Amino acid sequence: MTSKNSSKNKSIGVVGMGSFGTAIANILASKNPVIAYARRAELVTEINDKHSVDGNPIHENILATQDPELLCQSCDVIFFMVPSSAFMDVTRLFSPFLYPYHMIIHGTKGLCLNLPKGKKLEDLPDIRRENILTMSEVILKETVVVRVGCLAGPNLAKELSAGLPAATVVASKFNEVILHGQNLLRSDKFQVYGNSDIIGVELSGVLKNIIAIAAGALAGLGLGENAKGLLISRGMVELIYMGNALGGSLKSFIGLAGIGDLVTTCNSTLSRNFTVGYRLAKGETLEQIQATMEEVAEGINTVKLMKNFMESTKNRAPITENLYKVLFEDLTIEEAVQYLMKYPFNVDVDFL
């Protein structure tokens, strides 16, 4: 179905004005007017009156609203940029106002649980693939939107906001979504690649957060660059095994959204997941870290989900298993490192 209004400068919607959502809204606003949905009334007022988010200046082409219906009526293309913990609720909030002519591209690197009504993760003896939803699967399940895409890659929000050169991947089963995303986002400083394997690209962005927490822990312990190289390469292997178990393809994991994002977040103090690992290694508890972080580190929830999923499917994921014990049980990071150093990896690469 074609859109109601295909005028060239129609507004583009952005749902969620966290650091990444704001960075993407700014990039979009250089070419088109943007209507941004924000949950907090005071943030809507700040954006509209001062053209800023939490005191940081933003593009004057961005108008904010708390009205999902207004945004959906005004925009045919909408970028969903909300944390995975709120993704299902926000999608359901927007669902009554979405139609098949809408196009949604999300930028959320997390997973949602799909459980029988009234059940919790702890209630299930096993977690299967059908119990785990990527964000594109949430959109397809909860709305009538068909043309769905995903934005993933080494996209640290602070660097994007500073105008530093970067690239991203728009993934979708629909070539039209890829081309549209490229046209809206591409600039001299922001390259946009396409990929038809949306599940693989989503999983790349999700699973690399696990390895980023571990990389932060190694840095916090001062274990050096050799250890980090070991972690990243073994982490890549584990990421590919987990991704394959969930239905992603190898080509996506070794691309920009996979290894590109993995290397970036395993080396950056700007990464929320890296920061969690670093602070754990410095002696803080997970509760202390979460209480003082402004935004969600998606990797924490991902570790919990993937540990349960890999156990249920009789697959080993030693980095994820040990990180789970560090985060949620009483294993020390030093003990986890010792275990991994002794783990019997006999073959370097066995997935090609």
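Residues numbered from 1 in each chain as written. Predicted model: local features only at pLDDT ≥ 70, side-chain atom pairs only at ≥ 80, totals over all residues. Heavy atoms only, no water.

Some words on the overall build of the chain
Item 1. Secondary structure summary: the chain contains 16 helices and 12 strands in total.
Item 2. Compactness check: the chain gives a C-alpha radius of gyration of 20 Å against a globular reference of 20 Å for 352 residues, within 12% of the reference.
Item 3. When the backbone C-alpha atoms are referred to their principal axes, the chain occupies close to 60 × 40 × 40 Å.
Item 4. By the burial criterion, 54% of the 352 residues in the chain qualify as buried. (Helix = DSSP H or I, 4+ residues; strand = E, 2+ residues; numbered from the N terminus. Rg over C-alpha atoms; globule rule 2.2 N^0.38 Å. Buried < 20%, exposed > 50% of the residue type's maximum accessible area, 1.4 Å probe, protein only.)

Let's talk about a negative patch on the surface
Item 1. Taken together, Glu329, Asp330, Glu334 and Glu335 make up a surface patch of like negative charges.
Item 2. Tracing the sequence through the fold places Glu334 in helix H16 (residues 333-342). (Patch = residues over 30% accessible without salt bridge, like charges linked within 9 Å, V, L, I, M, F, W, Y side chains within 5 Å. Areas by Shrake-Rupley, 256 points an atom, 1.4 Å probe, with all protein chains shown as cover. Salt bridge = Lys/Arg side-chain N within 4 Å of Asp/Glu carboxyl O. Lys, Arg positive; Asp, Glu negative; His and termini not counted. Charge placed at Lys NZ, Arg CZ, Asp CG, Glu CD.)

Some points on the state of the cysteines
Item 1. Taken as a whole and judged by the stated rule, the model has zero disulfides.
Item 2. Between Cys112, a free cysteine, and Cys150, which holds the nearest cysteine sulfur, the sulfur-to-sulfur gap is 14 Å.
Item 3. For Cys150, a relative accessible area of 2% gives the class buried. (Disulfide = S-S within 2.5 Å.)

Considering helix H14 (residues 299-312)
Item 1. The first and last C-alpha atoms of H14 sit 20 Å apart over 14 residues, in line with the 20 Å expected at 1.5 Å per residue.
Item 2. Burial within H14 is extensive, with 10 of its 14 residues counted as buried.
Item 3. Within the sequence span of H14, burial applies to Gly299, Ile300, Thr302, Val303, Leu305, Met306, Lys307, Phe309, Met310 and Ser312. (Expected span 1.5 Å × (residues − 1).)

Focus: the packing of aromatic side chains
Two measures describe an aromatic ring pair: the distance that separates the ring centres and the angle between the ring planes.
Item 1. Overall, the coordinates contain six aromatic pairs when judged by the stated rule.
Item 2. Centre to centre, the rings of Tyr99 and Tyr101 are 5.8 Å apart; their planes meet at 5 degrees, and the pair counts as stacked.
Item 3. Between Phe274 and Tyr278 the ring centres are 6.4 Å apart and the planes differ by 20 degrees, which places this aromatic pair in the stacked class. Taken together, the positions of Phe274 and Tyr278, both in helix H12 (residues 272-281) and four residues apart, correspond to about one turn of that helix.
Item 4. Phe274 gets classed as buried once you look at its relative accessible area, which sits at 5%. (Phe/Tyr/Trp six-rings, centres within 6.5 Å; stacked < 30°, edge-to-face > 60°.)

A closer look at the pairing of strand E2 (residues 34-37)
Item 1. Residues Val34 and Ala36 line one face of E2 and the alternating positions Ile35 and Tyr37 line the opposite face, and both faces are buried.
Item 2. Both strand E1 (residues 12-15) and E2 contribute to a ladder of four bridges, which runs parallel. In the sheet register, Val14 faces E2, and the bridge partner there is Ala36.
Item 3. Of the pairings in the sheet, the one linking E2 to strand E5 (residues 62-65) comprises four bridges and is parallel in character. Its bridge partner lying in E5, Val34 is registered against Ile62. (Pairing = 2+ DSSP bridges.)

So, to be careful, I would describe these as geometric facts and stop short of saying anything about function.
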